[in-house]
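Here's the letter readout for the chains.
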Amino acid sequence: MTSTIIKNGTIVTADLTYKADIRIEDGVIAEIGPNLKGGTELDATGCYVMPGGIDPHTHLEMPFMGTYSADDFDSGTRAALAGGTTMVVDFALPNPGQSMLDALTMWDNKTSRAACDYSFHMAITWWGEQVFNEMETIVRDKGINTFKHFMAYKGALMVDDDEMFSSFQRCAELGALPLVHAENGDVVAQMQAKLMAEGNDGPEAHAYSRPPEVEGEATNRAIMIADMAGCPVYIVHTSCEQSHEAIRRARQKGMRVYGEPLIQHLTLDDSEYFNKDWDHAARRVMSPPFRSKAHQDSLWAGLASGSLQCVATDHCAFTTAQKRTGIGDFRKIPNGTGGLEDRLPMLWTFGVSTGRLTMNEFVAVTSTNIAKILNIYPKKGAILVGADADLVVWDPKRGKTITAGAQQSAIDYNVFEGKEVMGLPRFTLTRGQVAVEEGAIKSQEGHGRFVSRPPLTAPAKALSTWKELTAPRKVERTGIPASGV
Ligand SMILES: NC(=O)NCCC(=O)O
Ligand SMILES: [Zn+2]
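Model, not experiment: these values are computed from the prediction.

## Regarding the UniProt feature "domain: Amidohydrolase-related" (unreviewed entry) in the protein
Taking the numbering used here, the UniProt-annotated feature "domain: Amidohydrolase-related" (unreviewed entry) corresponds to residues 48-420. Split by type, residues 48-420 is 39% helix and 15% strand. Its first and last C-alpha atoms lie 20 Å apart.

## Points about the nonpolar core
One finds Phe-147, Phe-168 and Leu-347 to be the most contacted residues of the largest nonpolar core, which totals 101 residues. Considering every element that reaches this core, the biggest residue donor is helix H7 (residues 212-229), with 6 residues. Among residues more than four places away in sequence, those in contact with Leu-347 are Ile-263, Leu-266, Trp-300, Val-311, Val-352, Leu-357, Phe-362, Val-365 and Thr-366. Core analysis: the next-biggest nonpolar cluster, separate from the first, contains 18 residues, Ile-383, Ala-387, Ala-389 and Leu-391 among them.

## Here we look at the site of ligand 1
In the neighbourhood of ligand 1, 14 residues make up the surrounding shell, with Lys-148, Tyr-153, Ser-287, Asp-314 and Asn-335 lying closest. Note that an oxygen atom of ligand 1 is positioned 3.5 Å from one of the backbone N or O atoms of Gly-336. Expressed as a share of its isolated accessible area of 260 Å², the protein-covered part of ligand 1 is 100%. Broken down by class, the residue content of the shell around ligand 1 amounts to 5 nonpolar, 7 polar and 2 charged.

## Digging into the packing of helix H4 (residues 161-174) against H7
Between H4 and H7, the least distance of the axes is 9 Å, while the angle of their chain directions is 45°. Relative to H7, the element H4 lies oblique. Between H4 and H7 lies a crossing whose hand is right-handed. Counted together, Asp-161, Met-164, Phe-165, Phe-168, Gln-169 and Ala-172 of H4 and Arg-221, Ala-222, Ile-225, Ala-226, Met-228 and Ala-229 of H7 form the full contact between these two elements. When the residues that make up the contact of H4 with H7 are grouped by side-chain class, the tally is 9 nonpolar, 1 polar and 2 charged.

## Describing the sheet that holds strand S1 (residues 3-7)
Spatial ordering of the open sheet is given by S5-S4-S1-S6, a layout of 4 strands whose pairing is mixed. Looking at which strands have only one partner, the edges of the open sheet turn out to be strand S5 (28-33) and strand S6 (40-43). On average, each strand axis in the sheet is inclined to that of its neighbour by 25°, with strand direction left out of account. The pairing of S1 with strand S4 (residues 21-25) spans 4 bridges and is antiparallel.

## Quick word on the pattern of salt bridges
This structure, assessed with the given rule, holds 35 salt bridges. Of the charged contacts, one joins Asp-161 and Arg-221 as a salt bridge, the two residues approaching to 2.6 Å between their closest N and O atoms. Here Arg-221 lies in helix H7 and Asp-161 lies in helix H4, a separation of 60 residues in the sequence. The partner of Lys-380 in a salt bridge is Asp-388, with the nearest N and O atoms 2.8 Å apart. In terms of burial, Lys-380 and Asp-388 fall into one category: buried. Sharing partners across several salt bridges, the network here consists of Asp-117, Lys-379, Lys-380, Asp-388, Asp-390 and Arg-431.

## Quick notes on the packing of aromatic side chains
Any aromatic ring pair is given by two values, namely how distant the centres are and how the planes are angled relative to each other. In this structure the tally under the stated criterion is 15 aromatic pairs. Note on Phe-64 and Tyr-153: the rings are 5.0 Å apart at their centroids and 75° apart in plane angle, and the pair reads as edge-to-face. Linking Phe-64 in strand S9 (residues 63-64) with Tyr-153 in the loop between strand S13 (146-150) and H4, this pair joins segments that are 89 residues apart in sequence. Judged on exposure class, the residue Phe-64 and its partner Tyr-153 are both buried. What links up through ring pairs into an aromatic cluster is the set Tyr-48, Trp-348, Phe-362 and Trp-394. The side chain of Lys-110 reaches across the aromatic face of Trp-107, ending 5.1 Å from its centre.

## Things to note about the state of the cysteines
Tallied over the entire structure, the rule returns 0 disulfides. Between Cys-310, a free cysteine, and Cys-231, which holds the nearest cysteine sulfur, the sulfur-to-sulfur gap is 17 Å. What makes Cys-310 buried here is its relative accessible area of 0%.

## What about helix H1 (residues 73-82)?
Residues lying three or four places apart along an α-helix face the same way, a consequence of the helix completing one turn every 3.6 residues. Judged by how many residues are buried, H1 sits mostly within the fold: 9 of 10 residues are covered. Listed in full, the buried residues belonging to H1 are Phe-73, Asp-74, Ser-75, Gly-76, Thr-77, Ala-79, Ala-80, Leu-81 and Ala-82. Looking at where H1 begins, the residue whose side-chain oxygen comes 3.0 Å from the main-chain nitrogen of Asp-74 is Asp-72. Following H1 by one or two positions, Gly-84 adopts a phi angle in the positive range, close to 90°.

Cut-offs and rules
Residues numbered from 1 in each chain as written. Chains lettered and ligands numbered in written order. Predicted model: local features only at pLDDT ≥ 70, side-chain atom pairs only at ≥ 80, totals over all residues. Heavy atoms only, no water. UniProt positions renumbered as here; feature names shortened; annotations may be inferred. Helix = DSSP H or I, 4+ residues; strand = E, 2+ residues; numbered from the N terminus. Core = buried A, V, L, I, M, F, W, Y, C linked by side-chain atoms within 4.5 Å. Buried < 20%, exposed > 50% of the residue type's maximum accessible area, 1.4 Å probe, protein only. Contact = heavy atoms within 4.5 Å. Near = heavy atom within 4 Å. Polar contact = N/O pair within 3.5 Å; in protein donor to acceptor, adjacent residues only side chain to side chain. Areas by Shrake-Rupley, 256 points an atom, 1.4 Å probe, with all protein chains shown as cover. Nonpolar A, V, L, I, M, F, W, Y, C, P; charged D, E, K, R; others polar. Axes fitted to C-alpha atoms, helices over the stretch in contact; angles between N-to-C directions. Parallel < 35°, antiparallel > 145°, perpendicular 65-115°, else oblique. Left-handed = near helix turned anticlockwise from the far one by under 90°. Pairing = 2+ DSSP bridges. Salt bridge = Lys/Arg side-chain N within 4 Å of Asp/Glu carboxyl O. Phe/Tyr/Trp six-rings, centres within 6.5 Å; stacked < 30°, edge-to-face > 60°. Lys NZ or Arg CZ within 6 Å of the ring centre and 35° of its normal. Disulfide = S-S within 2.5 Å.

Here is the structure:
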C-alpha cells in the first residue's frame, strides 16, 4: 500500500486549528498525528492544510440561450483543482417537457474526463406526473438530493408558484432539498421590455431590469412556499440585503433556510456595468447582477455571523463571442460568469486577509457547511480519519495577479482580471492524488468520480415531525343543532 504524508503543516478545519501530519492511504485519510513517517512526503511547512473546496453551484456544461459555456468537465475541473477546489456540483438541466432521467444521462455522458469528483443538482424546468414520478428515481436511485427551481427566465426555465409548491411538497416526501434562483421573472420580463422600448439596450440595462427588490420579493416567496410545503430551502446566488434579510428573518424564526453568496457578488460591484467597453460590461452580465458595496457588506456580514452559509461561483463561462450575441439587445447576452479557479484565492485575500472571516469560517463556507447541507459530510469537507483525502495545502505567502492568459478555464477572459491575490495552493490533492504542485497542474483526466448524495433524512425528519405535530386538525364540537339551523 502506498502512503503519502503531508508533513509540518497546520491543519485548519471548520472548528479547529492545530499542528499535525496527515497520512493518506488508498485515497482516504488513514492517520492524523505528530511526526508521522514513511511513504512519499509532501512538505507543508508554513502552510495551512484544509479540506479541499467544494463548489456547490457550477454550470460546466450549460446549454443556455442557445449557446454552451466554454468550460466542460475537463477544463472546468482542472480549473477547480488549480484553485484548491476538489469537488464541483453541476446541474442537469432538462428542456421543458424532457425526461429528467434522459437529461441526467446526457450530462453524465459529459463527465468521462473530469479531473475531480463531482455531483449533480437536477433542475425542475416543468411540472407534470412524469416529473413527479421521476423525482423519486432521481433521489432513491441516482444519488441526487437537490432540485433547482428558476423563478426567473420567463418563457424558458421559469416555473410558477403552483409548480414550485408541488415540487417542494414532493421534495419534502423524498427528503430532497429544493434550490431556488429567486428573482421575480414576470416583473423582470416587463422591466426588460420597457428598458428596450426606451432605448436602453446595453449591458447596464441588465442591472436596471433586476433590482434588489425583485430578488428580495422572490426570496420571501420561495421561503413561504417551502414553509407551507414543509421542506428546507436553499437560495442560490444570494446577492443583496433584501434577499439576505429574508433568509436571516426566516432562520430566526427557526426555518431551515440556507443562503449562498457568490465570490463575484462579494468582490465585484455594479460599477462594472457602466464600463465604457461593451465587452467588459457584457462579460459580467449574470443573474442576479452585481450590486452596490452596501449589499456586499451585508453578504460579508452574513458569512461572518452564520446567516449565510456557503460561497459558490455559479461558474458559467460564456465566451466573448457568445456574449456579443446581445449587442443591441441586452436580453440576448447569455447570463453567466466564471470564477471556479479564483473562488478560494479571492475569498482568502478579500475575506481572511482583511479580517472579515477567520480561517475556520473560510473552511466552513467553502467546504464543510456545503458538505453538511448536501449530505456528503464527512466523506467530503472534513479532515478526519476515513474521509476522502480531498485536501488543499494552502500557502498564505504564495501570490499572483489573476489574468485570463494564465488560467486553466477555457474562457477567453476573467472577470477578476488584474486582481492581486495572496494565498494559493502549494498542493491540491484529489482523493490522495496530487493534482497541483507549486502551480504545476498534474491532474488526470478521468480521475473524477460521481459522488452520490443520499436523501436528507435528518432535516426532513425534524421538519415532518414538527409539521405533523402542528398540522390542521378538525375540532370535534358539541352543541351543533341537528338541522344545522
Ligand atoms: N446565474 C447566471 O447568470 N447564469 C447561470 C444560470 C443561473 O444559475 O441562473
Ligand atoms: Zn440561477
